[in-house]
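Chain residues, written in single-letter form:
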Amino acid sequence: MLTFDFMKRYIMQIIVFFLLVFVVDFVAGKSFSYLIEHAKGGDNKRNNYICNEINQEILVFGSSRAEHHYNPLIISDSLGLSCYNCGQGGMGAILNYARYQLIIRRYHPKMVFYEVTPSFDLLSKEDNHKFLKWIRAYYGKPGIPEVFESVDSKEKYKMLSRMYRYNTNFLQIISDYLLCFHPAVLADQNSKLLEKTPLCITIIDKRSGAVEVGAVIPAHPGEILHDGNSILIRICRSTVIRIL
């Protein structure tokens, strides 16, 4: 028969175990948060810049197509406005919308170019958790929890763990802080190798006084007729957003 002392020790062991888990989770989370905030290069440094420091008048969003196909220098020279390319390979509207929510807390860019890629932007029935990777560290910021909720309502419980926010990114966080294997591309994007540069740039007609940020959506001819894009087309036609 179990004695009272045995049950007491058993309960205390359970309490101590959960306290240790809490402490380890808290300390590890704080440590990785520090490493990200002080990243010396790589994608974490670039992500910090986009989310916390960017101040250019024109921003380019999208996947690798946006990252490699748009030259900020040519756009700046053509329009007389500063420009930064926020494109990120393999990422779509979920990440870009979250980043945009963080940016407009500080300022409103004058124009946004969004390169549409259906395989990343129109996945309503797919598993979209992978697009949350670069914004997990900013979960506590205004507007970000709503993005997680739209992907998975259970994410808010998972995000109670600070280690969970970084569990897919441990090695890159450490390398970006210590070794900087690949340099971050920040405000100076002169050295970026570009596959091609679109020459046709349309400026949004901003006659509506309610429009604070102009928007342009370039789309490839072979994909603009994609069935899923019909939603996108309707949205654009109902606003001042133009599709190139």
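Just so it is clear, the model here is predicted, and its values are computed rather than measured. (Residues numbered from 1 in each chain as written. Predicted model: local features only at pLDDT ≥ 70, side-chain atom pairs only at ≥ 80, totals over all residues. Heavy atoms only, no water.)

> Break down the overall build of the chain for me, with residues and values.
Across its full length, the chain carries ten helices and five strands. The burial tally for the chain puts 41% of its 244 residues in the buried class. In the chain, 76% of the contacts between residues at least 6 apart in sequence involve partners at least 24 apart. Approximately 14,000 Å² of the chain is accessible, and the part contributed by carbon and sulfur atoms is 62%. (Helix = DSSP H or I, 4+ residues; strand = E, 2+ residues; numbered from the N terminus. Buried < 20%, exposed > 50% of the residue type's maximum accessible area, 1.4 Å probe, protein only. Contact = heavy atoms within 4.5 Å. Areas by Shrake-Rupley, 256 points an atom, 1.4 Å probe, with all protein chains shown as cover.)

> Give a description of the pairing of strand S1 (residues 58-61) that names residues and reports values.
Here S1 shows a buried face lined by Ile58 and Val60 and a second buried face lined by Leu59 and Phe61. Here S1 runs beside strand S2 (residues 83-85); their pairing, made up of three bridges, is parallel. Each residue of the ladder has a partner; that of Val60, found in S2, is Asn85. Both S1 and strand S3 (residues 111-114) contribute to a ladder of four bridges, which runs parallel. Across the sheet, the residue bridging to Phe61 is Tyr114, located in S3. (Pairing = 2+ DSSP bridges.)

> Any chance you could break down helix H2 (residues 42-53) for me, citing the residues and the numbers?
Structural remark: α-helix, 3.6 residues per turn; residues separated by three or four positions point the same way. Compared with the 16 Å implied by 1.5 Å per residue over twelve residues, the 16 Å span of H2 between its first and last C-alpha is a close match. Along H2, the positions that sit buried rather than exposed are Gly42, Asn44, Arg46, Asn47, Asn48, Tyr49, Ile50 and Cys51. (Expected span 1.5 Å × (residues − 1).)

> Lay out the packing of aromatic side chains with the relevant residues and their values.
What the rule picks out here adds up to seven aromatic pairs. Between the aromatic rings of Tyr139 and Phe148, the centroid separation amounts to 5.0 Å while the plane-to-plane angle is 90°, which identifies the pairing as edge-to-face. Using a relative accessible area of 13% as the deciding quantity, one classes Tyr139 as buried. Under the relative-accessibility criterion, Phe148 is labelled buried at 1%. (Phe/Tyr/Trp six-rings, centres within 6.5 Å; stacked < 30°, edge-to-face > 60°.)

> Account for the environment of Gly87, with residues named and values stated.
Of note, Gly87 is situated in the loop between S2 and helix H5 (93-103). Sequence spacing of Gly87 and Tyr70 is 17 residues, and the spatial spacing of their C-alpha atoms is 9.0 Å. Aside from chain neighbours lying at most four places away, what touches Gly87 is Arg46, Val60, Gly62, Ser63, Ala66 and Glu67.

> Mind laying out the pattern of salt bridges, listing which residues take part and the relevant values?
Per the counting criterion, the structure on display carries six salt bridges. With a shortest N-O distance of 3.3 Å, Lys110 and Glu57 are connected by a salt bridge. Placement of the pair is Lys110 in the loop between H5 and S3 and Glu57 in the loop between H2 and S1, with a sequence separation of 53 residues. By relative accessible area, Glu57 is classed as partly exposed at 24%. Across the salt bridge formed by Asp152 and Lys158, the nearest N and O atoms sit 3.9 Å from each other. Here the salt bridges share partners, and the residues they tie into one network are Arg136, Asp152, Lys154, Glu155 and Lys158. (Salt bridge = Lys/Arg side-chain N within 4 Å of Asp/Glu carboxyl O.)

> Got a sec to walk through the confidence of the model for the chain? Specific residues and values, please.
In this model, the chain carries a mean pLDDT of 75, and residues with pLDDT of at least 70 account for 70%. Confidence, read as mean pLDDT per element, is least for strand S4 (residues 214-217) in the chain (56) and greatest for S2 (92). Ignoring residues within four places in sequence, the model shows residues 189-212, a span with pLDDT below 50, making 50 contacts including any to other chains. Predicted confidence for residues 224-228 stays below pLDDT 50, and this span has six contacts to residues more than four positions away or in other chains. (pLDDT = per-residue confidence, 0-100.)

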